[in-house]
Amino acid sequence: MGFNCGIVGLPNVGKSTLFNALTQSQAAEAANFPFTTIEPNIGRVAVPDGRLDAIADIVKPRQVVPTQLEFVDIAGLVKGASQGEGLGNQFLGQICGVDAICHVLRCFDEGGVAHVTGAPDPVGDAETVTTELMLADMESLSRRSEALVKKTRGGDKAAAAELKLAEQASGLLEVGKPARLLEMTAEDAKVFKGLGLLTAKPVLYILNVDEDAAADGNELSAQAAAMAKAEGAGWVVISARIEDEVAQLSDPAERVEFLESLGLAETGLARVIHAGYRLLGLITYFTANPKEAHARTLPSGATALDAAGQIHTDFARGFICAETISCDDFIGLGGEQAAKDAGKMRQEGRDYKLRDGDVLLFRFNV
């Protein structure tokens, strides 16, 4: 599992430029007019992780396999998208397939790049897109509730539980709040996910600023950040143009020097990844042997058995134990055998909840 997110926003906010930069490709044509991206572009990038590099330096594997991050560049939404404006229904449907939404907001003012409403207004832009997602959800719930009411009258308990959540979500939407703010139990959350609501997806606002504001942001990005904080959403200040320039530098040392000259400690991609992992509650664990050093991603709370099954069904079916070393001990002590000699290797059972950075070796028998 990786991090799968849809890049959304109004036309001409920098979505395709950001997509090109983050995926280091030119798959999306960036141009100064709406609906450049008609079919969704999908790009997968390796997640940078210094821990994997350090593990590989010790193990010397034939192959190093980082975990993957997937971006889906979804064409610009406009007011009326929920009613089909601007090919809106098609694009709203594409949002259904992603784990999270990266909502790009234009926080720069440049006369050469037209804005659909005349002047940059990130808070207003966010409200426009969010409103369309809410309207789409309200219509979806209305249709679904009709069928659920009939099933509930017939004594279907599962339908009754789903109907209750649908009505609660509708209540939030009617007062202008996204469905993700609904409080529920872990059991209800499983049912709620089946409703497939767009506003239930976690949101990361990407505040696209000009190059001069990349380090500290500007007045527009500050307004957008305050909005995100009030919503309980994540946000990252980024300059799509800088990311595009960084992507052209193949030498890592040149990248570092370029970023430092702008007062930046890391790329926007790294900040998006970190924020995205926090948003989705993801953790990374590692497997390492002479064949390959591999980083893998699972939701927080995943068990050793979940990790075993992610690698191979045989690992899960014949699970005996997971020999576990923290990456700090693995790297600090110089590898598996040194960690084992120092008493830092633990044998964990199938119900062990993974910790971010665990290095695992599975013992199984089939």
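Because the structure is predicted, anything quoted here is derived from the model rather than measured.

**Digging into unusual backbone geometry**
At step 1: Non-glycine residue Asn 12 carries a positive phi angle of around 65°.
At step 2: By secondary structure assignment, the location of Asn 12 is in the loop between strand S1 (3-8) and helix H1 (15-22).
At step 3: Of note in the backbone geometry, Lys 60 takes a positive phi value of approximately 55° without being a glycine.
At step 4: With respect to the helices, strands and loops of the structure, Lys 60 is situated in the loop between helix H2 (50-59) and strand S3 (63-65).

**Describing the packing of helix H4 (residues 122-153) against helix H5 (residues 157-174)**
Think of two packed helices as two axes; the pair is described by the angle between the axes and how far apart they sit.
At step 1: Packing of H4 against H5 leaves a shortest axis separation of 9 Å and a crossing angle of 150°. Put simply, H4 runs roughly antiparallel to H5. Seen along the crossing, H4 lies across H5 with a hand that is left-handed. Where H4 approaches H5, its residues Met 134, Asp 137, Met 138, Leu 141, Arg 144, Ser 145, Leu 148, Val 149, Lys 151 and Thr 152 are matched on the opposing element by Ala 159, Ala 160, Glu 162, Leu 163, Ala 166, Ala 169, Ser 170, Leu 173 and Glu 174.
At step 2: Tallied by class, residues from the contact of H4 with H5 come to 11 nonpolar, three polar and five charged.

**Observations concerning the packing of helix H8 (residues 240-247) against helix H9 (residues 252-261)**
At step 1: Remark: H8 packs on H9, axes separated minimally by 10 Å, with the N-to-C direction vectors making an angle of 155°. The angle between H8 and H9 falls in the class roughly antiparallel. Seen along the crossing, H8 lies across H9 with a hand that is right-handed. Touching Ile 242, Glu 245, Val 246 and Ala 247 of H8 are Arg 255, Phe 258 and Leu 259, all from H9.
At step 2: Here the residues of the contact of H8 with H9 are counted per class, giving five nonpolar, no polar and two charged.

**So, H1**
At step 1: For H1, the buried fraction is high: seven of the eight residues fall into the buried class.
At step 2: Those residues of H1 that sit buried are Lys 15, Ser 16, Leu 18, Phe 19, Asn 20, Ala 21 and Leu 22.
At step 3: Immediately downstream of H1, the backbone of Gln 24 shows phi near 50°, a positive value.

Calculation notes
- Residues numbered from 1 in each chain as written.
- Predicted model: local features only at pLDDT ≥ 70, side-chain atom pairs only at ≥ 80, totals over all residues.
- Heavy atoms only, no water.
- Helix = DSSP H or I, 4+ residues; strand = E, 2+ residues; numbered from the N terminus.
- Axes fitted to C-alpha atoms, helices over the stretch in contact; angles between N-to-C directions.
- Parallel < 35°, antiparallel > 145°, perpendicular 65-115°, else oblique.
- Left-handed = near helix turned anticlockwise from the far one by under 90°.
- Contact = heavy atoms within 4.5 Å.
- Nonpolar A, V, L, I, M, F, W, Y, C, P; charged D, E, K, R; others polar.
- Buried < 20%, exposed > 50% of the residue type's maximum accessible area, 1.4 Å probe, protein only.

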